[in-house]
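Coordinate inspection notes
Here's the letter readout for the chains.
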Amino acid sequence: MANQGVNDPIHEPVNTGRRRFLTATTAVVGAAGAGIAAVPFIKSWNPSARAQLAGAPVTADISALEEGQRLVLEWRGQPIWIVKRSRAVLDALPTLDSHLRDPESDNADQQPAYVLEGNREFRSLKPEVLVLVGLCTHLGCAPEMKAEIRPEPFDAEWKGGFFCPCHKSKFDMAGRVFEGVPAPTNLVVPPHHYVDDNTIVIGVDPSQANTGAA
Ligand code: FES
């Protein structure tokens, strides 16, 4: 199956002019409120800049990623987030369904079908590892990660997630959008697969992993 339901904007040219985000080829951001965590050494093997522009896959070692941390990569000119979720955060996801616009991820444009085959609410191949395109689905700004379960000024019952300060869109820790905010859809999950437990490839579906297709 060449395309598992990802006929989505991530395959379109990016309007970088209207999208404001900070990217680092490889960076880890600690959980908000936890202070700046010691940044572990995260290996990645990125292709040349020219290959990246052409959309070459990006591979990363996530073995040093800790709960509440986010690894930021760049793929096809877009920030890609790899977030390690805690058990408490995963347990909270089903409790949010009634507050969300698309809790079951019925909009097939926002993720590959294979990330819904386990627990639909997790939107991931591995429960604890969330992979997202880090661009708000309203106007493409970069939401902030608020990974901890604690009251926030914008939500007294916050269970962890992402907050876009420009127009106050909120997403949970599966990238699912809340009701009553400007962002119309859940955050995009890009195509990806695991080579082994700690090695992830962004840009290639699992079904393409052994075919050499990208
Ligand atoms: S771009 Fe995110 S709320 Fe406007």
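Bear in mind that the values here come from a model prediction, so they are computed numbers and not experimental data. (Residues numbered from 1 in each chain as written. Predicted model: local features only at pLDDT ≥ 70, side-chain atom pairs only at ≥ 80, totals over all residues.)

Here we look at the overall build of the chain
The helix and strand inventory of the chain stands at two helices and eleven strands. Beginning at the N terminus, the succession of helices and strands in the chain can be written as β-β-α-β-β-β-α-β-β-β-β-β-β. (Helix = DSSP H or I, 4+ residues; strand = E, 2+ residues; numbered from the N terminus.)

Observations regarding the confidence of the model for the chain
Predicted confidence across the chain gives a mean pLDDT of 82, with 73% of residues reaching 70 or more. Contacts from residues 1-25, a stretch scored under 50 in pLDDT, to residues over four places away or in other chains number 43 contacts. Ignoring residues within four places in sequence, the model shows residues 30-43, a span with pLDDT below 50, making 28 contacts including any to other chains. (pLDDT = per-residue confidence, 0-100. Contact = placed C-beta atoms within 7 Å.)

Looking at the environment of Val131
Here Val131 is to be found in strand β6 (residues 129-133). For Val131, a count of 25 C-beta atoms within 10 Å translates into the label buried. Sequence separation between Val131 and Leu71 is 60 residues; the distance between their C-alpha atoms is 9.5 Å. Ignoring anything within four residues of it in the chain, the contact list for Val131 reads Ile80, Ile82, Ser124, Val189, Pro190 and His192. (Buried ≥ 20, exposed ≤ 12 C-beta atoms within 10 Å, placed from the backbone.)

As for the nonpolar core
Core analysis: the biggest nonpolar cluster contains 43 residues, and Ala60, Leu71, Leu73, Ile80, Ile82, Leu132 and Ile202 have the highest contact counts within it. When residues no more than four places from it in sequence are discounted, the contact partners of Ile202 are Pro57, Val58, Leu73, Trp75, Ile80, Pro190 and His192. (Core = buried A, V, L, I, M, F, W, Y, C linked by C-beta atoms within 7 Å.)

Describing the sheet that holds strand β7 (residues 144-146)
Reading across from one edge, β7-β8-β9 is the order of the three strands in this open sheet, with antiparallel pairing throughout. Of all strands in the sheet, those with a lone pairing partner are β7 and β9 (169-172), marking the two edges. In this sheet, neighbouring strand axes are inclined to one another by 25° on average, regardless of whether the strands run parallel or antiparallel. Note that β7 and strand β8 (residues 161-164) share three bridges and pair antiparallel. Residue Met145 lies in a different strand from β8, and its bridge partner there is Phe162. (Pairing = 2+ DSSP bridges. Axes fitted to C-alpha atoms, helices over the stretch in contact; angles between N-to-C directions.)

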